[in-house]
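Spelled out, the chains give:
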Amino acid sequence: WKAPEGKKTSEYTDEEKMARAIEIYEEEREELLTELQQLKVLATKGLITSTVAHDLKGINAILVARVNSLRKEINRKNEANIDRQLNDLKKNDQFLTSWLTVVASQTRKDKRTRKKYNMYDMVSDIVNVLEPILSRKHVVVEVDSNDKSIERKVFKSDFESIFYNLIINSIEAFEKSRCRERNINIYMNNDSENIMFVYKDNGPGLADMFENPYEIFDYGTTSKVDKEGNTIGTGMGMYIVASTLREYDSLPIVKEYKKGLELQMKIKR
């Protein structure tokens, strides 16, 4: 610690030195937390991109040929095919917009500032941004609360990381098991002390390798493998969920993991 000009370090009392040391510690801690948030955001973006990679490849192939294809149908005056292609293009554009919105907007500085948010509206907005992706994956997400006016100071990027990763995890489970009905329910229950988030999907539950369901929150733990049995998952998604909740002095509680997945997440108001 370098003393201000005109005053020697030795002239400070022990209490002043301790106060300054604590101040420096808090500044460094805040910087580390900001860096950690940014890393979680980047990891989440990578997981989302990985999940929709197959769809992006398909859209890329369509984009290359769509102008010539549409021009041919216009020249032929084939209104039925023109309408069909325009509808397909609209769906693809909405999907790309959703993906780009998630990837481009999550690092905005205002999201890394703790602000008071309406929790129901915030979670609903997070889901709405993903709607074109969810629609393409045939996933229906319902958000409800016993109190839709509850507010709390939070980092919005934290809750984006939590719910984006939970939803990605559900989508991958749905596709792996080829579920026909793909439903996710997010319910908030507020009382005088806590806000309880209940996340539930009707997927296949956790893989048999997880004898202890809490292993899914360990760093690097994944059940995602390729056809040859090689691990291809990062094991980051659910780890990010748990580590983000710890910043709010909370831990995820697994209520069901055999018939679908149900988690409870409680934070103080």
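Fair warning: this is a prediction, and the values are worked out from it, not measured in the lab.

Student: I tried to follow the pairing of strand β4 (residues 183-190) on my own but got confused; where do I start?
Tutor: Of the two faces of β4, only one is covered, namely that formed by Ile184, Ile186, Met188 and Asn190; the face formed by Asn183, Asn185, Tyr187 and Asn189 stays uncovered. As paired strands, strand β2 (residues 140-145) and β4 are joined by six bridges and run parallel to one another. Across the sheet, the residue bridging to Val141 is Ile184, located in β4. The loop that links β4 with its antiparallel partner strand β5 (residues 194-201) comprises three residues.

Student: Any chance you could explain the sheet that holds strand β7 (residues 261-268) here in plain terms?
Tutor: Two pairing modes exist for strands in a sheet, parallel and antiparallel, and in both the strands are linked by backbone hydrogen bonds. Within the open sheet, the five strands sit side by side as β2-β4-β5-β7-β6. Their pairing is mixed. Each edge of the open sheet is held by one strand with a lone partner, namely β2 and β6 (253-256). On average, each strand axis in the sheet is tilted by 20° relative to the strand beside it, whichever way the strands run. Set on the sheet, helix α4 (residues 119-129) makes contact with β2, β4 and β5; between it and β2 the angle comes to about 175°.

Student: Would you take a moment to explain the packing of aromatic side chains for this structure?
Tutor: For any pair of aromatic rings, the description rests on two quantities: the centre-to-centre distance and the angle between the ring planes. Considering all chains together, one arrives at five aromatic pairs under this definition. Seen from their ring centres, Tyr214 and Phe217 are 6.2 Å apart, and the 45° between their planes marks the pair as tilted. We classify Tyr214 as partly exposed; its relative accessible area is 35%. Arranged with centres 5.2 Å apart and planes meeting at 75°, the rings of Tyr219 and Tyr239 form a pair that is edge-to-face. You can see Tyr219 sitting in the loop between β5 and α7 (237-246) and its partner Tyr239 sitting in helix α7, a full 20 residues away along the chain.

Student: Explanation requested: helix α6 (residues 156-177) in the structure shown.
Tutor: A turn of α-helix holds 3.6 residues, and therefore any two residues three or four places apart point the same way. Helix length check: α6 (22 residues) gives 32 Å between terminal C-alpha atoms against 32 Å at 1.5 Å per residue, within 8%. Of all 22 residues in α6, 16 are buried, a share of seventy percent or more. Positive backbone phi, approximately 55°, marks Arg178, located one or two places after α6.

Student: Explanation requested: the packing of α4 against α6 in the structure shown.
Tutor: Helix-helix packing is described using two parameters, namely the angle between the two axes and the distance between the axes. Running from amino to carboxyl end, α4 crosses α6 at an angle of 50°, the nearest separation of the two axes being 10 Å. Classed by the angle they form, the pair α4 and α6 counts as oblique. Crossing of α4 against α6: the hand is right-handed. Touching Met119, Met122, Val123, Ile126, Val127 and Val129 of α4 are Lys156, Phe159, Glu160, Phe163, Tyr164 and Ile167, all from α6. Partitioning the contact of α4 with α6 into residue classes produces ten nonpolar, no polar and two charged.

Definitions and cut-offs
- In this numbering scheme, every chain counts its residues from 1 along its sequence in written order.
- Since the coordinates come from a predicted model, pLDDT governs what is reported: local features require at least 70, and pairs of side-chain atoms require 80 or more to be given and counted, while whole-chain, interface and lining totals use all residues.
- Note that water and hydrogens are dropped before the side-chain values are worked out from all heavy atoms of the structure.
- The rule is simple: take the accessible area with a 1.4 Å probe, protein chains only, and divide by the maximum for that residue type; under 20% is buried, over 50% is exposed, in between is partly exposed.
- Comment: elements are numbered from the N terminus, with helices defined as DSSP H or I runs of at least four residues and strands as E runs of at least two.
- Two strands qualify as a pair provided DSSP detects at least 2 bridges between them.
- Axes, fitted as lines to C-alpha atoms, cover a helix only where it is in contact. Angles between the N-to-C directions of the axes lie from 0 to 180 degrees.
- Any two residues whose heavy atoms approach within 4.5 Å are treated as being in contact.
- Classification of ring pairs uses Phe, Tyr and Trp, with its six-membered ring standing for Trp, and accepts pairs whose centres are within 6.5 Å; under 30 degrees between planes counts as stacked, over 60 as edge-to-face, and the remaining range as tilted.
- Expected helix span is taken as 1.5 Å per residue step, with the number of steps being one fewer than the number of residues.
- Under this scheme an angle from 65 to 115 degrees is roughly perpendicular, one under 35 degrees roughly parallel, and one over 145 degrees roughly antiparallel; angles in between are oblique.
- Crossings are assigned a handedness: left-handed for a near helix turned anticlockwise from the far helix by less than a right angle, right-handed for a clockwise turn.
- When residue character is reported, Ala, Val, Leu, Ile, Met, Phe, Trp, Tyr, Cys and Pro are called nonpolar, Asp, Glu, Lys and Arg charged, and the others, Gly included, polar.

Just geometry here; none of it tells us what the structure is for.
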